[in-house]
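# Remarks on the overall topology
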Amino acid sequence: RHGLLADHGDRRFHVRLLAQALACLLMGAGAPAAEIRLYDNARLNACVESVQAGGLLVTTMDGVEKKVALKDILTIQFRGRERRLLLSGAQELWFTNGDRLRGTFQSVSNNSMNFSTDSVGQIPIDFCFVKGFISMPQMGRSGREAQELVESREGKNHFLDLILEQRGSRHEGVIQDITREGIDIDHEDMLETVNIKTSQMAGARFADAQRKAPPAFPADVFLRCWTTDGSVLD
């Protein structure tokens, strides 16, 4: 019986030792573990050490460093990345090139706004590249209508902005100011500036009068990134 217990103890020790060794390997000096899907549909489990010209330097599970060409990679799924919880008051910007960036409004100056995000920090964004936004979380009928609104050409005048409230009301006019608390819009029908609180908004479509075409895709290999806060960036 003593020998059996000792054997079980040795097994537990070896299991713990193996788990620690695998943990150290997966950590890879701070590099994130990832599953890399290649062009031939093969999958490589490795730790991404660095991004170099034309490829990735990775450490495989057996401790071997190798370089994987970017042109051979279809997708990279980083493991251990939990989706960030989006609190009420966050917005999802829809860009003319199909990108979507989630965060919160900070301030507006001229034709650009400061937008705070988890994925790329606080950055200035030019209105001419933004179709509109959808309030997060997207809920029910108002959320669906907000998505349709951003992609539509609805409204009496495409030179005007259009805001949709959660209760279904629509407001046309010219947006004067955007903050985390709400939007000031020069209302077309009321002929006065109206403040709409962030908590009441389902989404908005910006006027397309000054909208520019999305930039051309680069000739080199480029990536589409899905971040943990739900943003999609090329």
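What you see is a predicted model; the values in this text were computed from it and never measured.

In this section: the sheet that holds strand S2 (residues 43-52). Taken together, the five strands give an open sheet; going across it, the order is S4-S3-S2-S1-S5, and neighbouring strands pair in antiparallel fashion. Because the sheet does not close on itself, it has two edges, and the strands there are strand S4 (65-69) and strand S5 (73-78). The average undirected angle you get between the axes of adjacent strands in this sheet is 45°. Examined bridge by bridge, strand S1 (residues 33-38) and S5 share five bridges and lie antiparallel to one another. What sits directly across from Ala34, in S5, is Phe78.

Quick look at the confidence of the model for the protein chain now. Residues at a pLDDT of 70 or more form 80% of the protein chain, whose mean pLDDT is 77. Averaged over each element, pLDDT in the protein chain is lowest for helix H1 (residues 2-27) (49) and highest for S4 (89). Contacts from residues 1-6, a stretch scored under 50 in pLDDT, to residues over four places away or in other chains number zero contacts. pLDDT under 50 marks residues 22-29. Its contacts with residues more than four places away, or in other chains, come to 11 contacts.

Attention now goes to the pattern of salt bridges. All told, the structure shown has eight salt bridges when counted by the stated rule. Linking Glu92 and Arg102 is a salt bridge whose minimum nitrogen-to-oxygen distance equals 2.7 Å. With Glu92 in strand S6 (residues 91-95) and Arg102 in strand S7 (residues 100-109), the pair connects residues that are 10 residues apart, well separated along the chain. Just as Glu92 is buried, Arg102 falls in that class too. Between Arg167 and Glu165 there is a salt bridge, with its nearest N and O atoms 3.3 Å apart.

Let us now look at the pairing of strand S14 (residues 192-197). Inspection of the sheet shows strand S13 (residues 182-187) paired to S14 by six bridges, in the antiparallel sense. If you follow His187 over to S14, its bridge partner there is Glu192. Counting the residues between successive antiparallel strands, the hairpin from S13 to S14 contains four residues, one of them, Leu191, with a positive phi of roughly 55°.

Now for the nonpolar core. Among the nonpolar cores identified, the biggest contains 21 residues, and Leu93, Ile125, Phe133 and Ile163 are the most heavily contacted of them. Of all the secondary-structure elements, those providing two or more residues to this core are S6, S7, strand S8 (112-117), strand S10 (130-135), strand S12 (170-178), S13, S14 and strand S15 (201-205). Residues within four places of Leu93 in sequence aside, it is in contact with Asp99, Arg100, Leu101, Phe105, Met113, Phe115, Ile125, Val130, Gly132 and Phe133. In terms of nonpolar packing, the next biggest core, distinct from the first, is built from 11 residues, Ala46, Leu56, Val68 and Leu70 among them.

Definitions and limits used
Residues numbered from 1 in each chain as written. Predicted model: local features only at pLDDT ≥ 70, side-chain atom pairs only at ≥ 80, totals over all residues. Heavy atoms only, no water. Pairing = 2+ DSSP bridges. Helix = DSSP H or I, 4+ residues; strand = E, 2+ residues; numbered from the N terminus. Axes fitted to C-alpha atoms, helices over the stretch in contact; angles between N-to-C directions. pLDDT = per-residue confidence, 0-100. Contact = heavy atoms within 4.5 Å. Salt bridge = Lys/Arg side-chain N within 4 Å of Asp/Glu carboxyl O. Buried < 20%, exposed > 50% of the residue type's maximum accessible area, 1.4 Å probe, protein only. Core = buried A, V, L, I, M, F, W, Y, C linked by side-chain atoms within 4.5 Å.

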